Amino acid sequence: MMLRKLLLPLMLAVLGTAPAVAAPRGPVKPAAKSKKATASTPTPSRTRAPTKPVVKATPAKKKRPAAPPPKGRRVATRAGKLVGASLSAYRVPDDCSGLVRAAYQAVGIELLSHGTLPGENAVSAIHRRAQRAGALHKRTPKPGDIVFFRETYDRNRDGVRNDGLTHVGVIESVERDGTVVFVHRGSSGVKRSRMNLGFPGKRSQGERVLNDYIRAAQGGERAKLASELFSGYASVSRL
C-alpha cells in the first residue's frame, strides 16, 4: 500500500496528467444584465390631444345703407334732368314756377302748398314762402337754392317796369370763378343759363360766358343779362 501511494504521483508526473484541483465553491454572483436588456421602456401615457379653443363666429356687421345725397343736391339733380324735357309729367304749369316746383318734388316739398294771394303770381308766392321761412339771402348759393329775378318781362303789359318778381330758377352748381349755373324754364323750354354777379352787365370774358340774356330787347331797350335782373336767393335747407 505504501509503495502504491509513492508510485502513483511519479507516474502521473511522467505522464503529465496531474489531476485538476477543484476550485473552492463560493457564492455565485448573478450575471450582470446588459443595459439594453435592463433599460425599462416607458409605457406611453394616454394623454389627450390639446383641444382647440372654441371660437364663436362673430356675426357679420350689416352694411348700413348709403345715406341719401343732401336735399339740395337732389333738387339740383332733378332740375338738371329736366333740361330739354317736358313738365307735363309732373302736374305743374309749363312755366318757370312749374320747373322749380317739379325740382322740389324730388324732396317731397310742394312750394305752393300755402296757395297764392289774389293778384299774386306764382313766383311772388314762392318768394313769400321763402321770406316767411327765413330762407332769403344774397350769399354764394348752394346747389338746390332758388334764384329770383325781377322785371324779366312786362307781365301786366302796361309798358312800365313795375312788374316786380317775374322769374325763378334752381341753382345747379357754382363754378370756381363765382359763375352760377342755374336751370330755368325760358321761352325756349327748360335750359341751363349762367350768371356772374362779379361782372354785372358783362356778357363774356374771352370765349367764356359769364352772363346769359334773360330778357329780350323790347321797347327800344337792349336785352338784359341775368346779373342785371337778379333779385336774390332762397336757401334750400330752410324751405
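Let me sum up the structure you'll find in this document.

What counts, and where the lines are drawn
- Residues numbered from 1 in each chain as written.
- Predicted model: local features only at pLDDT ≥ 70, side-chain atom pairs only at ≥ 80, totals over all residues.
- Heavy atoms only, no water.
- Buried < 20%, exposed > 50% of the residue type's maximum accessible area, 1.4 Å probe, protein only.
- Helix = DSSP H or I, 4+ residues; strand = E, 2+ residues; numbered from the N terminus.
- Pairing = 2+ DSSP bridges.
- Contact = heavy atoms within 4.5 Å.
- Arc of directions from axis to C-beta.
- Axes fitted to C-alpha atoms, helices over the stretch in contact; angles between N-to-C directions.
- Parallel < 35°, antiparallel > 145°, perpendicular 65-115°, else oblique.
- Left-handed = near helix turned anticlockwise from the far one by under 90°.
- Phe/Tyr/Trp six-rings, centres within 6.5 Å; stacked < 30°, edge-to-face > 60°.

### Focus on the pairing of strand β10 (residues 230-234)
Reasoning step 1: Of all five residues that make up β10, five are buried, and the element is covered over most of its length.
Reasoning step 2: Here strand β1 (residues 136-137) pairs with β10 via two bridges, running antiparallel. The partner of L136 across the bridge, within β10, is A234.
Reasoning step 3: As paired strands, strand β2 (residues 146-150) and β10 are joined by four bridges and run antiparallel to one another. Opposite V147, over in β10, you have Y233 as the bridge partner.

### A word on the environment of G178
Reasoning step 1: Mapped onto the fold, G178 is located in the loop between β3 (165-174) and β4 (180-186).
Reasoning step 2: The class for G178 is partly exposed, based on a relative accessible area of 31%.
Reasoning step 3: Remark: the alpha-carbon pair of G178 and L210, spanning 32 residues in sequence, is separated by 9.3 Å.
Reasoning step 4: For G178, the contacting residues outside a window of four places in its chain are M195 and N196.

### Some points on helix α3 (residues 71-81)
Reasoning step 1: Taken as a whole, α3 has its buried residues at G72, V75, A76, A79 and G80. Along the axis of α3, the buried residues cluster in a sector spanning 135°; they form a single face.
Reasoning step 2: Buried positions along α3 lie against α4 (96-104), β3, β4 and β5 (189-195).

### Overview of the packing of α3 against α4
Reasoning step 1: Packing of α3 against α4 leaves a shortest axis separation of 8 Å and a crossing angle of 130°. With respect to their mutual orientation, α3 and α4 come out oblique. Crossing hand, α3 versus α4: right-handed. Along the contact surface, α3 presents V75, R78 and A79, while α4 presents A102, A103 and Y104.

### Description of the packing of aromatic side chains
Reasoning step 1: A full pass over the atoms with the stated rule returns two aromatic pairs.
Reasoning step 2: Relative to F182, the ring of F149 lies with its centre 5.4 Å away and its plane at 40°, an arrangement referred to as tilted. Residue F149 is found in strand β2, and its partner F182 is found in strand β4; the two are separated by 33 residues along the sequence. The residues F149 and F182 share a single accessibility class, namely buried.

### Focus: unusual backbone geometry
Reasoning step 1: With phi around 55°, E151 is a residue other than glycine that occupies positive phi space.
Reasoning step 2: Along the polypeptide, E151 turns up in the loop between β2 and β3.
Reasoning step 3: A positive phi angle, close to 55°, is found at R157, a residue other than glycine.
Reasoning step 4: Note on placement: R157 falls in the loop between β2 and β3.

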